[in-house]
Amino acid sequence: MIIESVEVVVTSPGRNFVTLLITTDDGLTGLGDATLNGRELAVAAYLRDHIAPLLIGRDAHAIEDTWQLLYRGAYWRRGPVTMTAIAAVDVALWDLKAQFVRLPLYQLLGGASRSGLLAYGHAGGRDLSELYDSIHRNLDEGFRAVRVQSGVPGIASLYGVATPDAAYEPARRTPRPAEEQWDSRAYLRHLPGVFEAVRSEFGPELPLLHDVHHRLTPIEAARLGRSLEPYDLFWLEDCTPAEDQEALRLVRSHTVIPLAIGEVFNSVHDYRTLIGERLIDYVRSSVTHTGGITALRRILDLAGLYQIKSGMHGPTDISPVGMAAALHLGLAIHNFGIQEYMPHAPVTGEVFWPSFTFAGGLLHPGDQPGLGVSINLPAARRFPYEAAYLPVNRLRDGTVHDW
Ligand code: KDG
Ligand code: MG
């Protein structure tokens, strides 16, 4: 199975996506997701200019060798652009191999370890009434676990909080990043009351999650974790800036709330302290941003030795191709925890045709050969790239803060 052509497709049905297509002399085409939110064109150029020429003529079956060639061979290692590009190649090659043997990809990863993947949806509201409505909508859609994000009095716009009339999408198609506000003291005062109210409204069973989005100092995060303990959260996510692995030692020593981290990581080395010292409970990395199935499987195997589970990142900036890859891997591994699932806008379905399903709160990758996703290229051309940025945060005095 020799690689004959490599194409990078940048398309924007509802939001920007970068997709890699690798076609072989057998006439098979494998797909990989290369979408890096707000920095899409950097990965597209990396793939087109620096990786595609190296792939032509190579054996598409040589997945591990190709991964090592792209990782070690660049000399410059790691980083989100590089690792997203490598991930796209890796996933496209897994897709090809599975299509070649006419099996759904999860069969090549060891077969199914469960009948479906527990998914969590996103609920958010500016106040309790909007939040309750949003949680009810998630339950009506079939979710059996819900992430809860709330407005905070005095903060005008906040990560994860939508208005009821519009679907939430943090990357906005504006020439410059939108500015949001942050106030840790106001947030720390308000949030425990929100979870107290949600628990008493929805009862003890429903798994509830929360994303702090990297905004607190370690001691603030420790205090938040303690104050949320009575409400039995499934996890507290990204409570401190993720790259500071040692910060979690302090948080861990003060609270027993389960911790999840890693959506901005791109390498096993980002996790060595966190996993080795059991400072987290869930690995948030996606296949798309962490070097593909080959690399994320290594991280999750290491995590499994420490009873740490997967909690793969699954917002809309993971394309349907990236989501399918996550589901095949999640179905096969032993230490699956939960899968984030933020369904794409209906218009995204004009370009990407996935075969994964969501029923009874569980996702399943389906049983088509390969990843089970195809791309409609004429439709993709109808949605040209539009610049979009994630917001930035400022404190009340104008200081830039982690978003
Ligand atoms: O690209 C950034 C988003 O994917 C991120 O803000 C979403 O934090 C996120 C989550 O948990 O889904
Ligand atoms: Mg997050």
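Above this text is the structure in question.
Computed from a prediction, not measured in an experiment: that's the story for all the values here.

A. Highlighting the coordination of the magnesium ion (ligand 2). At the metal site, the magnesium ion (ligand 2) is ligated by Asp211 (OD), Glu237 (OE) and Glu263 (OE), and these contacts range over 2.0 to 2.2 Å. Mapped onto the polypeptide sequence, the residues donating to the magnesium ion (ligand 2) form the spacing pattern D-x25-E-x25-E. Residue Asp211 is found in strand β7 (residues 208-211), and its partner Glu237 is found in strand β8 (residues 235-237); the two are separated by 26 residues along the sequence.

B. Quick peek at the sheet that holds strand β2 (residues 17-24). Strand order in this open sheet of three strands is β1-β2-β3, and the pairing throughout is antiparallel. Because the sheet does not close on itself, it has two edges, and the strands there are β1 (3-11) and β3 (29-33). Looking at each pair of strands side by side, their axes are set apart by 20° on average, direction ignored. Across five bridges, β2 lies against β3 in antiparallel orientation. Residue pairing across strands places Ile22 opposite Gly30, the latter belonging to β3.

C. Spotlight on the layout of surface pockets. In this model, the largest pocket occupies a volume close to 890 Å³. Taken together, 38 residues make up the lining of the largest pocket; nearest its centre are His213, Glu263, Val264, Leu390 and Trp403. Only β17 (392-394) and β18 (400-401) provide two or more residues apiece to the lining of the largest pocket. Its volume calculated, the second largest pocket comes out at about 690 Å³.

D. Representation of the sheet that holds β17 in the model. An order of β6-β17-β18 is seen for the three strands of this open sheet, with the pairing classed as mixed. What marks the edges here is a single partner per strand, and that holds for β6 (179-181) and β18. The pairing of β17 with β18 spans two bridges and is antiparallel. Looking at the pairing, Arg394 lines up with Val400 of β18.

E. Focus on the pairing of strand β5 (residues 146-150). By the criterion of burial, β5 is predominantly enclosed, with five of the five residues buried. Burial of β5 is two-sided: the residues Val146, Val148 and Ser150 facing one way and the residues Arg147 and Gln149 facing the other way are all buried. Both strand β4 (residues 117-125) and β5 contribute to a ladder of five bridges, which runs parallel. Pairing of Gly125 across the sheet is with Ser150, part of β5. In this fold, the crossover linking β4 to β5 by way of helix α5 (residues 128-140) has right-handed handedness. Bridging between β5 and β7 involves two bridges; their strand directions are parallel. Bridge assignment links Val146 to a residue of β7, and that residue is Leu208.

F. Broad picture of helix α2 (residues 63-73). Within α2 the residues assigned to the buried category are Ile63, Thr66, Trp67, Leu70 and Tyr71. For α2, the buried positions fall inside an angular range of 120° around the axis, keeping them on one side. Trailing α2 by a residue or two, Tyr75 shows a phi angle of about 70°, which is positive.

G. Seen up close, unusual backbone geometry. Backbone geometry places Tyr75, a non-glycine residue, at a positive phi of 70°. Here Tyr75 lies in the loop between α2 and α3 (80-100). Positive phi values are uncommon outside glycine, yet Arg278 reaches one of about 55°. Looking at the element boundaries, Arg278 is found in the loop between α9 (272-276) and β10 (282-283).

H. Summary view of the pattern of salt bridges. If you walk through the whole model with that rule in mind, you get 16 salt bridges. For Asp65, the salt bridge goes to Arg58, with nearest N and O atoms at 2.9 Å. Judged by relative accessible area, Arg58 falls into the buried class, the value being 17%. For Glu180, the salt bridge is made with Arg172, and the minimal N-O distance between the two is 2.7 Å. Sharing partners across several salt bridges, the network here consists of Glu237, Glu263, Arg284 and Glu340.

I. Here's a closer look at the side chain of Thr290. Of note, Thr290 is situated in the loop between β10 and α10 (292-305). Note on Thr290: relative accessible area 0%, which makes it buried.

So, how was this worked out
Residues numbered from 1 in each chain as written. Chains lettered and ligands numbered in written order. Predicted model: local features only at pLDDT ≥ 70, side-chain atom pairs only at ≥ 80, totals over all residues. Heavy atoms only, no water. Donors = N, O, S within 2.8 Å, 3.2 Å for Na, K, Ca; no water. Helix = DSSP H or I, 4+ residues; strand = E, 2+ residues; numbered from the N terminus. Pairing = 2+ DSSP bridges. Axes fitted to C-alpha atoms, helices over the stretch in contact; angles between N-to-C directions. 1 Å grid on protein atoms, 1.4 Å probe; cavity = no way out; pocket = protein on both sides within 12 Å on 5 of 7 lines; lining within 4 Å. Points joined across faces, edges and corners; volume = space filled by probe spheres on them. Buried < 20%, exposed > 50% of the residue type's maximum accessible area, 1.4 Å probe, protein only. Right-handed = clockwise from strand over helix to strand, strands pointing away. Arc of directions from axis to C-beta. Salt bridge = Lys/Arg side-chain N within 4 Å of Asp/Glu carboxyl O.

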